[in-house]
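# Summary of the model geometry
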Amino acid sequence: MSPISARLSPAMQVVTTAVRKAGRRLLRDFGEVEQLQVSVKGPSDFVSTADLRAEQTLREELTKARPAFAFLMEESGASGSEDWEWRWVVDPLDGTTNFLHGIPHWAISVGIEKRIEPGRTEIMAGVIYNPASDELFWAEKGVGAFLNDKRLRVSGRREMKDAVFATGIPFGGVPRKAEFSAVLNRIMPQVAGVRRFGAAALDLAWVAAGRYEGFWELNLNKWDIAAGLILVKEAGGFVTDPDGGDAYAHGNVVAGNPHLHPKLREVVAEGIAAVQARQAG
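Residues numbered from 1 in each chain as written. Predicted model: local features only at pLDDT ≥ 70, side-chain atom pairs only at ≥ 80, totals over all residues. Heavy atoms only, no water.

### As for helix H2 (residues 10-30)
In an α-helix, one turn spans 3.6 residues, which is why side chains three or four residues apart end up on the same side. With 21 residues, H2 extends 30 Å from end C-alpha to end C-alpha; this agrees with the ideal 30 Å at 1.5 Å per step. If you check which residues of H2 are buried, you get Ala 11, Met 12, Val 14, Val 15, Thr 16, Ala 18, Val 19, Ala 22, Gly 23, Leu 26, Asp 29 and Phe 30. Packing partners of the buried residues in H2 comprise helix H3 (49-65), strand E5 (86-94), helix H4 (96-100), strand E6 (107-117), strand E7 (120-130) and strand E8 (135-140). (Helix = DSSP H or I, 4+ residues; strand = E, 2+ residues; numbered from the N terminus. Expected span 1.5 Å × (residues − 1). Buried < 20%, exposed > 50% of the residue type's maximum accessible area, 1.4 Å probe, protein only. Contact = heavy atoms within 4.5 Å.)

### A few points about helix H7 (residues 222-234)
When the terminal C-alpha atoms of H7 are compared, their 18 Å separation across 13 residues agrees well with the 18 Å that a helix rising 1.5 Å per residue should span. Here H7 lies mainly inside the structure; 11 of its 13 residues are buried. Listing the buried residues of H7 in full gives Trp 223, Asp 224, Ile 225, Ala 226, Ala 227, Gly 228, Leu 229, Ile 230, Leu 231, Val 232 and Glu 234.

### A word on the sheet that holds strand E15 (residues 253-256)
The strands making up a sheet associate through backbone hydrogen bonding, with each pair oriented either parallel or antiparallel. Reading across from one edge, E12-E11-E13-E15-E14 is the order of the 5 strands in this open sheet, with mixed pairing throughout. Because the sheet does not close on itself, it has two edges, and the strands there are strand E12 (193-195) and strand E14 (238-240). Averaged over neighbouring strand pairs, the angle between their axes works out to 15° when direction is ignored. Bridge analysis of strand E11 (residues 164-167) against strand E13 (residues 214-217) gives 3 bridges, and the strand direction is parallel. Opposite Phe 165, over in E13, you have Gly 214 as the bridge partner. The sheet strands contacting helix H6 (residues 200-208) are E11, E13 and E15, and the helix crosses E13 at an angle near 155°. (Pairing = 2+ DSSP bridges. Axes fitted to C-alpha atoms, helices over the stretch in contact; angles between N-to-C directions.)

The following block contains the structure:
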């Protein structure tokens, strides 16, 4: 048994097997990316045959192992019992635009969500896998966060001037571009750098790994962030919305290490407030 397998719960062994199988197929398609059949869902929002095949592979593998679990998947939406206790939250290919342009920065993301009581759920575990680099990020509540078999901790940097943050840039018809610009204008003079690599799941995984001090983005979907949220938390970081509330509920995410999360959250909240005040006036 490998070191990573020895640490995994049965449910997580199911997920890692599924993402590795889907990843092998995606890698084959990535090697022939110029031949993929691609349809356009919207501005800069593509869906490829590779994306759909990966989702089908994940659905088949996860259903076979846990038939009672419901699904929330990027391409096919919600399925399964409406009164589910457990649910897979799946993005079969986060970073599709990178994938279609031959950029090896994309991932499969699977979160395991539990309904605690009516109206309240919690992400109990998550896996983010980049097949191009063979990096498997995973976390379980109370167990910790890991990259393959290495324990992860968020960055220990304390000063904004030393920090590198990640973000996502709104594109096409995506709303909140003015708010993004207001936040960016406030944060860039204060920090060592801002990165936009085009895969929110990996951005969160990299916060957990200490590669970034933090990450912010607005209007994300549950499948973009489910696995990443528990990775950051189990690595010792914090994840909230800009007001300090539940990021998963609204899709507005501010993640960071314990020292810089409050400062990043403050800057993001100030930028949003400034735009809203201008629009109201």
